[in-house]
Amino acid sequence: MAGRLIYLIGPSGSGKDSLLDAARPRLVERGCRLVRRVITRSAEAVGEAAQGVSPGQFAAMDAQGAFALSWQANGLSYGIPREIDDWLAAGDDVLVNGSRAHLAQTRERYPRLLVLLLTVDQAVLRQRLIARGRESQEDIEERLARNARFTAELIAGNGAGLFVLDNSGPLEHTVARLLCCLDHGHSVCA
Ligand SMILES: Nc1ncnc2c1ncn2[C@@H]1O[C@H](COP(=O)(O)OP(=O)(O)O)[C@@H](O)[C@H]1O
Ligand SMILES: O=P(O)(O)OC[C@H]1O[C@H](OP(=O)(O)OP(=O)(O)O)[C@H](O)[C@@H]1O
């Protein structure tokens with residue numbers, strides 16, 4: 001049977017990269033594949049989770065059909081290598097760091113998609129964004145308001161296929177809930 005595509009989404013700063021890094025060995029142990037995204041930012045700024053390319057390289061890869069999924073956000077282009085389709089066809093689960101804005105298109109291509117929405121308490125997210133020091137206070141408040149709208153819409157419109165994972169507490173708790181969701185289904189892991 002074909003594997004499941006697991007699509008992790010959530011606001012900037014909610015902890016998607018941290019969660020994937022922390023869970024990586026235990027996901028691999030379970031036979032769940034993690035794919036390295038291709039992103040148009042400099043190689044120094046990306047780690048194990050992504051390959052940095054120039055916009056020209058990205059366009060050439062896209063034209064050659066290198067991506068199963070791709071989207072633009074934050075002034076950058078993101079691609080999910082098409083090898084995920086081989087892994088899924090072979091029966092492996094695949095977890096990708098996705099985009100909320102691209103969810104509808106992703107679901108069209110992968111109707112059996114399992115969506116994991118990472119959430120964080122607004123006050124905690126505000127503190128994490130302030131600590132990261134990347135945006136102005138005004139920008140942070142705008143992001144928080146956009147996130148709250150996005151989250152409410154996603155939960156309202158996608159109830160059945162969408163699992164909410166809260167990352168307001170210690171990362172290790174979130175890792176444990178993620179693994180529980182994958183092993184046993186969301187209802188027993190509240
Ligand atoms: N559960 C957690 N507790 C405390 N800090 C966290 C937790 N999860 C993530 N962080 C921190 O929050 C910041 C944003 O996390 P990151 O993984 O980069 O988020 P994203 O990939 O969703 O933008 C990082 O500084 C990270 O260390
Ligand atoms: O449609 P959205 O849900 O807003 O997501 C847009 C993009 O932002 C995130 O990437 P990235 O990890 O580069 O950004 P971040 O570090 O700011 O979260 C996410 O993984 C998407 O690729």
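The rules behind the values
- Residues numbered from 1 in each chain as written.
- Chains lettered and ligands numbered in written order.
- Predicted model: local features only at pLDDT ≥ 70, side-chain atom pairs only at ≥ 80, totals over all residues.
- Heavy atoms only, no water.
- UniProt positions renumbered as here; feature names shortened; annotations may be inferred.
- Helix = DSSP H or I, 4+ residues; strand = E, 2+ residues; numbered from the N terminus.
- Buried < 20%, exposed > 50% of the residue type's maximum accessible area, 1.4 Å probe, protein only.
- Contact = heavy atoms within 4.5 Å.
- Near = heavy atom within 4 Å.
- Polar contact = N/O pair within 3.5 Å; in protein donor to acceptor, adjacent residues only side chain to side chain.
- Areas by Shrake-Rupley, 256 points an atom, 1.4 Å probe, with all protein chains shown as cover.
- Phe/Tyr/Trp six-rings, centres within 6.5 Å; stacked < 30°, edge-to-face > 60°.
- Axes fitted to C-alpha atoms, helices over the stretch in contact; angles between N-to-C directions.
- Parallel < 35°, antiparallel > 145°, perpendicular 65-115°, else oblique.
- Left-handed = near helix turned anticlockwise from the far one by under 90°.
- Nonpolar A, V, L, I, M, F, W, Y, C, P; charged D, E, K, R; others polar.

Novice: Even after reading the chapter, I still don't get the UniProt feature "binding site: ATP" (unreviewed entry) in the protein chain, so can you show me in this structure?
Specialist: According to UniProt, the "binding site: ATP" (unreviewed entry) feature falls on G10, P11, S12, G13, S14, G15, K16 and D17. Of note, G10 is situated in the loop between β1 (5-9) and α1 (16-29). Relative accessible area serves as the criterion here: at 7%, G10 is assigned to the buried category. Apart from residues no more than four positions distant in its own chain, G10 is found in contact with K16, R100, L117 and L118. Here G15 is to be found in the loop between β1 and α1.

Novice: Would you take a moment to explain the site of ligand 1 for this structure?
Specialist: Contacts to ligand 1 come from 13 residues, most closely from G13, K16, S18, N167 and G169. Here K16 contributes a side-chain N or O atom positioned 2.8 Å from an oxygen atom of ligand 1. S18 is positioned with one of its side-chain polar atoms (N or O) 2.6 Å from an oxygen atom of ligand 1. Taken by itself ligand 1 offers 570 Å² of open surface, and the protein chains cover 66% of this. With three residues, the top contributor of residues to the shell around ligand 1 is α1.

Novice: Sorry, what's going on with the packing of aromatic side chains here?
Specialist: Where two aromatic rings form a pair, the distance of their centres and the angle of their planes describe that pair. Taken as a whole, this structure holds two aromatic pairs when the rule is applied. Note on W71 and Y78: the rings are 6.0 Å apart at their centroids and 20 degrees apart in plane angle, and the pair reads as stacked. Relative accessible area serves as the criterion here: at 7%, Y78 is assigned to the buried category.

Novice: Sorry if this is basic, but what is going on with the packing of α1 against helix α7 (residues 171-184) here?
Specialist: How two helices sit against one another is set out by the angle between their axes and by the gap between those axes. The geometry of α1 relative to α7 is characterised by a closest axis approach of 10 Å and an angle of 50 degrees between their N-to-C directions. Considered as vectors, α1 and α7 are oriented oblique to each other. The handedness of the crossing between α1 and α7 comes out as right-handed. Contact residues: α1 offers S18, L19, A22, A23, R26 and L27, while α7 offers L171, E172, T174, V175, L178, L179 and L182. Looking at the contact of α1 with α7 residue by residue, the class counts come to nine nonpolar, two polar and two charged.

Novice: Just checking my understanding: could you explain the environment of D93 for this structure?
Specialist: As for its position among the elements, D93 is in strand β7 (residues 93-97). On a C-alpha basis, the gap between D93 and L182 in space is 9.7 Å, while along the polypeptide they are 89 residues apart. If we ignore the near neighbours within four places in the chain, the residues touching D93 are G3, R4, I6, G31, C32 and R33. Polar side-chain contacts of D93 include one of 2.8 Å to the backbone nitrogen of R4.

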